[in-house]
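Fold and contact review
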Amino acid sequence: MSQHRGDEVDRIVAAWARERPDLDVRPLEVLSRVSRLARHLDLARREAFGAHGLESWEFDVLSALRRAGHPYELTPTQLVRQTLVTSGTMTNRIARLVARGLVERAASPADHRSVLVRLTANGREVVDAALADLVDDERRLLQALPPARQAELATLLKGLLEPFDDAAPT
């Protein structure tokens, strides 16, 4: 069995345990590492998206449309639900993506008063390339863990997030 060297979180937890022995600081062992990993992930995402001229929010909208499948369109309300922003924010985002030629607005065939947001061919190219880079970057972030441990970690994190997902508005 390999010996794990201490990391910054171990040092922080030890210092808090010394200074506040009245508190059980063990949650810091998990969540401080999650927080530090989230920072690394955020940097990797910004780099992957930036290489394709995208901001994170642009990738969020484009990827929601791409995941919808052909013809790669959703209503603004569906986009709001998937990206967890307000309708006013989504209206602004759609306008900016239309101006960049990454999405287009189309009248809904079911109700001509409703609008659909559709991914353009250029938008599809950009989001597909950004996703490929993101997956490569995320694979590198996980390379210290063998695939079985990655699967175990995914299961553990899913269990940790479940109460939050259950409470999320639909």
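Quick caveat: nothing in here was measured; it's all calculated off a predicted structure.

Points about the pattern of salt bridges
Taken as a whole, this structure holds 16 salt bridges when the rule is applied. The partner of arginine 100 in a salt bridge is glutamate 58, with the nearest N and O atoms 2.7 Å apart. Linking arginine 100 in the loop between α5 (87-99) and β2 (103-107) with glutamate 58 in helix α3 (residues 56-67), this pair joins segments that are 42 residues apart in sequence. According to the relative accessible area criterion, glutamate 58 is buried, its value standing at 5%. One salt bridge in this structure joins arginine 118 and glutamate 104, with 3.5 Å as the shortest N-O distance. Of this pair, arginine 118 sits in strand β3 (residues 115-119) while glutamate 104 sits in strand β2; the two residues are 14 residues apart in sequence, bridging distant segments of the chain.

Some remarks on a nonpolar patch on the surface
Among the surface-exposed residues, Val30, Leu31, Val34, Leu157 and Leu160 lie close enough to one another that they form a single nonpolar patch of about 400 Å² accessible area. Contributions of two or more residues to the nonpolar patch are made by α2 (27-50) and α7 (147-167). With three residues, the single largest contributor to the nonpolar patch is α2. Mapped onto the elements of the fold, leucine 31 is located in helix α2.

So, the UniProt feature "domain: HTH marR-type" (unreviewed entry) in the protein chain
The UniProt record marks residues 27-162 with the feature "domain: HTH marR-type" (unreviewed entry), using the residue numbering of this structure. Between the C-alpha atoms that bound residues 27-162 there is a distance of 18 Å. The span itself is 70% helix and 9% strand.

A few points about the packing of α3 against α5
Packed helices, taken two at a time, are described by their axes: the angle between them and the distance between them. In the contact formed by α3 and α5, the axes pass within 11 Å of each other and the chain directions differ by 90°. By the angle between their axes, α3 is roughly perpendicular relative to α5. Counted together, Trp57, Glu58, Val61 and Leu62 of α3 and Met90, Arg93, Arg96 and Leu97 of α5 form the full contact between these two elements. Looking at the contact of α3 with α5 residue by residue, the classes come out as five nonpolar, no polar and three charged.

Digging into the packing of aromatic side chains
Applying the stated criterion to the full structure yields one aromatic pair. Centre to centre, the rings of phenylalanine 49 and phenylalanine 59 are 4.2 Å apart; their planes meet at 20°, and the pair counts as stacked. One end of the pair, phenylalanine 49, is in helix α2; the other, phenylalanine 59, is in helix α3, and ten residues separate them in sequence. On the basis of relative accessible area, phenylalanine 49 is assigned to the buried category, the value being 2%.

A closer look at the side chain of threonine 120
Within the secondary structure, threonine 120 sits in the loop between β3 and α6 (121-142). Relative accessible area serves as the criterion here: at 15%, threonine 120 is assigned to the buried category. Other than its neighbours up to four places away in sequence, threonine 120 contacts Gly101, Leu102, Val103 and Glu104.

Rules used throughout
- Residues numbered from 1 in each chain as written.
- Predicted model: local features only at pLDDT ≥ 70, side-chain atom pairs only at ≥ 80, totals over all residues.
- Heavy atoms only, no water.
- Salt bridge = Lys/Arg side-chain N within 4 Å of Asp/Glu carboxyl O.
- Helix = DSSP H or I, 4+ residues; strand = E, 2+ residues; numbered from the N terminus.
- Buried < 20%, exposed > 50% of the residue type's maximum accessible area, 1.4 Å probe, protein only.
- Patch = residues over 30% accessible without salt bridge, like charges linked within 9 Å, V, L, I, M, F, W, Y side chains within 5 Å.
- Areas by Shrake-Rupley, 256 points an atom, 1.4 Å probe, with all protein chains shown as cover.
- UniProt positions renumbered as here; feature names shortened; annotations may be inferred.
- Axes fitted to C-alpha atoms, helices over the stretch in contact; angles between N-to-C directions.
- Parallel < 35°, antiparallel > 145°, perpendicular 65-115°, else oblique.
- Contact = heavy atoms within 4.5 Å.
- Nonpolar A, V, L, I, M, F, W, Y, C, P; charged D, E, K, R; others polar.
- Phe/Tyr/Trp six-rings, centres within 6.5 Å; stacked < 30°, edge-to-face > 60°.

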